[in-house]
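Below, each chain spelled out in residue letters.
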Amino acid sequence: EGLAIRDVISWNALIGGYVQCKQGHEALNCFERMKSERLSPNSVTFMSVLKACSLVADIDKGKQIHNDVMMNNSLLENNLLLGNALVDMYGKCGALSHAQEVFEKLQYRDLDTWNALLTSYIQNKQVNEAFSYFDEMQREGLSPNIVTFVCILKACSSIRALCKGKEIHFSIALREEEFLKDILLSNALIDMYAKCGALDKAQEV
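Here the structure is a predicted model, which is why all the values come from computation and not from measurement. (Residues numbered from 1 in each chain as written. Predicted model: local features only at pLDDT ≥ 70, side-chain atom pairs only at ≥ 80, totals over all residues. Heavy atoms only, no water.)

Colleague: Any chance you could explain unusual backbone geometry here in plain terms?
Modeller: As a rule of thumb, non-glycine residues mostly have phi less than zero, and peptide bonds are mostly trans rather than cis. At Ala57, a residue that is not glycine, the phi angle is positive and equals roughly 55°. Note that Ala57 resides in the loop between α3 (43–56) and α4 (59–70). Looking at Ala57, the relative accessible area reads 48%, which means it is partly exposed. Not every positive phi belongs to a glycine, and Lys125 is a case in point at roughly 60°. Here Lys125 lies in the loop between α8 (111–123) and α9 (127–139). Residue Lys125 is classed as exposed on the basis of its relative accessible area of 73%. (Helix = DSSP H or I, 4+ residues; strand = E, 2+ residues; numbered from the N terminus. Buried < 20%, exposed > 50% of the residue type's maximum accessible area, 1.4 Å probe, protein only.)

Colleague: Just to check I follow, could you spell out the side chain of Ser186 for this structure?
Modeller: Checked against the element boundaries, Ser186 lands in helix α13 (residues 183–195). Ignoring any residue separated from it by four or fewer positions in sequence, one finds Ser186 in contact with Leu180 and Val205. (Contact = heavy atoms within 4.5 Å.)

Colleague: Looking at this structure, I do not really get the side chain of Thr45. What am I missing?
Modeller: Examined against the element boundaries, Thr45 turns out to sit in helix α3. For Thr45, a relative accessible area of 1% puts it in the buried group.

Colleague: For this particular structure, what's the right way to read the packing of aromatic side chains?
Modeller: Within the structure shown, the criterion is met by 6 aromatic pairs. By the ring-pair criterion, three or more aromatic residues cluster together here, those being Phe103, Trp114, Tyr121 and Tyr133. Against the face of Phe103 rests Arg109, its NZ or CZ located 4.3 Å from the ring centre. For Lys164, the ring lying beneath its charged end belongs to Phe131, and the centroid distance is 5.4 Å. (Phe/Tyr/Trp six-rings, centres within 6.5 Å; stacked < 30°, edge-to-face > 60°. Lys NZ or Arg CZ within 6 Å of the ring centre and 35° of its normal.)

Here you go:
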């Protein structure tokens, strides 16, 4: 409040700080105040406010921000992180059709894009769709990372898909040694086996 002159960078720092502290409503309020000062948001601003929408599950605000982004087509075309943030926001707000639509329209997709989509389907209990995208991702030549495996193991746990879980475990075992040493991945494997009733395998892991 004490700054005589506030620019986009100042507002981005404040909005990003609120998002980092999980205070989504405050971040969105700052975004509105920034616009009232006739400052144009940039890609950093949009990514932060999309995360804020995810925090408070405000799909209407998220759609408004998406429209703002689309008014500058080159902004989305040239910024994969912004595209990923849109997929993540729609997924966390339960709007899977919108998440998928953004995903399909992205000119470029990286592992974070796929992980955002997988997480969206799993969080919304559409596990079979998540499995399909997991397989499609690999057909396109992308190798799952630890985040991907933790995500898909949670899917296996949720529907007690022991055979699929064993298949994923086998894939993990073929990876670099660091995968097997990761505590989050180990916990996900133990949880999957335990929830599938394979306590001996959980103990082994």
